[in-house]
Amino acid sequence: MRIAVCPGSFDPVTKGHLDIIQRGAKIFDKVIVAVLINRNKSPLFTIEERVELLREVTSHLPNVEVDSFQGLLIDYLKEKKAQAIIKGLRAVSDFEYEMQMASINRLLEEDIETFFMMTNNQYSFLSSSIVKEVAKYEADVSSLVPPLVEKALKKKYAEINLTT
Ligand code: ADP
């Protein structure tokens, strides 16, 4: 069975992520979307919230699983018996960092392959940070994220506005 891991922060999941996950799920027998637990970042959504949103927006894809992980990605792949990492590329600006990550992962474990998928043109500018920036000012994000995520963003910023 060919298993791929699609890692990221997913804070929150966007239509760009979903496009990569869906395309990956057509190629691999199983895709595990893995939310990275990173203590250095200050995320908008908790790990549990990000996992839950991902589960709901991928519920129509029977071979997609959602999980979270800590530590080295390579160790996580071994634990899951996965052979590949799936990553999306938006622009040249993503390339340098991704190239570095792919090279180090290959050095650590030569049997694991990184697969890059070019973004769908309509999502080449799309990132979770852009979505948050737009949603913060109550602008319309319906073309950027699934409806459920749009709702979650509204709720989150309403809570934040109440407490500040
Ligand atoms: P970001 O916070 O930059 O949106 P993540 O760390 O959550 O990104 O990204 C996880 C993976 O999804 C990365 O491989 C990233 O390149 C990819 N990705 C993010 N947004 C898009 C997009 N709009 N199109 C294609 N791939 C994307």
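Here is a short report on the structure shown in this document. (Residues numbered from 1 in each chain as written. Predicted model: local features only at pLDDT ≥ 70, side-chain atom pairs only at ≥ 80, totals over all residues. Heavy atoms only, no water.)

1. Topic: the site of the ligand
The condition that has to hold: Proximity is defined per residue: any heavy atom of the residue falling within 4 Å of a molecule or strand makes that residue near it. The definition of a polar contact used here is a pair of N or O atoms within 3.5 Å, where within protein one atom must be able to donate a hydrogen and the other to accept one, and adjacent residues in sequence count solely through side-chain atom pairs. Computed by Shrake-Rupley with a 1.4 Å probe, the accessible areas treat only the displayed protein chains as cover when residues are assessed.
Phe-10, Gly-88, Thr-119, Tyr-123 and Leu-126 are the nearest of the 15 residues found near the ligand. Taking Ser-9, its main chain carries an N or O atom lying 3.2 Å from an oxygen atom of the ligand. For the ligand, a nitrogen atom lies 2.8 Å from a polar atom in the side chain of Thr-119. Look at the ligand: alone it shows 540 Å² of surface, and the protein chains cover 89% of it.

2. Remarks on helix H3 (residues 73–80)
Our working definition: Burial classes follow relative accessibility: with a 1.4 Å probe on protein chains only, a residue under 20% of its type's maximum area counts as buried, one over 50% as exposed, and anything between as partly exposed. A helix here means a DSSP run of H or I that spans at least four residues, while a strand means a run of E at least two residues long, and both kinds are numbered starting from the N terminus. Think of the arc as the fan of directions from the helix axis to the C-beta atoms. We call two residues in contact whenever any of their non-hydrogen atoms come within 4.5 Å of each other.
Buried within H3 we find Leu-73, Ile-74, Tyr-76 and Leu-77. Angularly, the buried residues of H3 cover 160 degrees about the axis, an arc narrow enough to put them on a single face. Considering only its buried residues, H3 is in contact with strand S1 (3–8), strand S2 (30–36), strand S3 (64–69), strand S4 (84–89) and helix H4 (92–108). Backbone geometry just downstream of H3 places Lys-81 in the positive-phi region, at approximately 55 degrees.

3. A short note on the environment of Glu-48
Position of Glu-48 among the secondary structure elements: in helix H2 (residues 47–57). Considering only alpha carbons, one finds Glu-48 and Val-35, 13 residues apart in sequence, at a separation of 9.5 Å.

4. Focus on the nonpolar core
Let me state the cut-off plainly: Take the buried residues of types Ala, Val, Leu, Ile, Met, Phe, Trp, Tyr and Cys, join any two whose side-chain atoms come within 4.5 Å, and each joined set is a nonpolar core.
Ranked by size, the top nonpolar core spans 36 residues in total, and within it Val-31, Val-33, Leu-54, Ile-86 and Leu-153 carry the most contacts. Looking at this core, the elements that each hand over two or more residues are S1, helix H1 (15–27), S2, H2, S3, S4, helix H5 (128–136) and helix H6 (147–163). Here this core gets 5 residues from one element, more than from any other, and that element is H2. Non-local contacts of Ile-86, meaning those with residues more than four positions away in its chain, are made with Ala-4, Val-5, Cys-6, Pro-7, Ile-20, Gly-24, Phe-28, Val-31, Phe-115 and Met-117. Counting residues in hydrophobic clusters, the runner-up holds 12 residues, among them Ile-3, Val-5, Leu-73 and Ile-74.

5. As for the pattern of salt bridges
Heads up, the condition is: The salt bridge definition used is simple: a Lys or Arg side-chain nitrogen within 4 Å of an Asp or Glu carboxyl oxygen.
What the rule picks out here adds up to 13 salt bridges. A salt bridge links Asp-19 to Arg-23, with the shortest nitrogen-to-oxygen separation between them at 2.8 Å. Here Arg-23 and Asp-19 lie together in helix H1, a separation of 4 residues that amounts to about one turn. Taking the shortest distance from any N to any O, the salt bridge between Lys-87 and Glu-98 comes out at 3.3 Å. With Lys-87 in strand S4 and Glu-98 in helix H4, this residue pair connects regions lying 11 residues apart in the sequence. A cluster of three or more residues bridged by salt bridges with shared partners is formed by Asp-11, Arg-50 and Lys-132.

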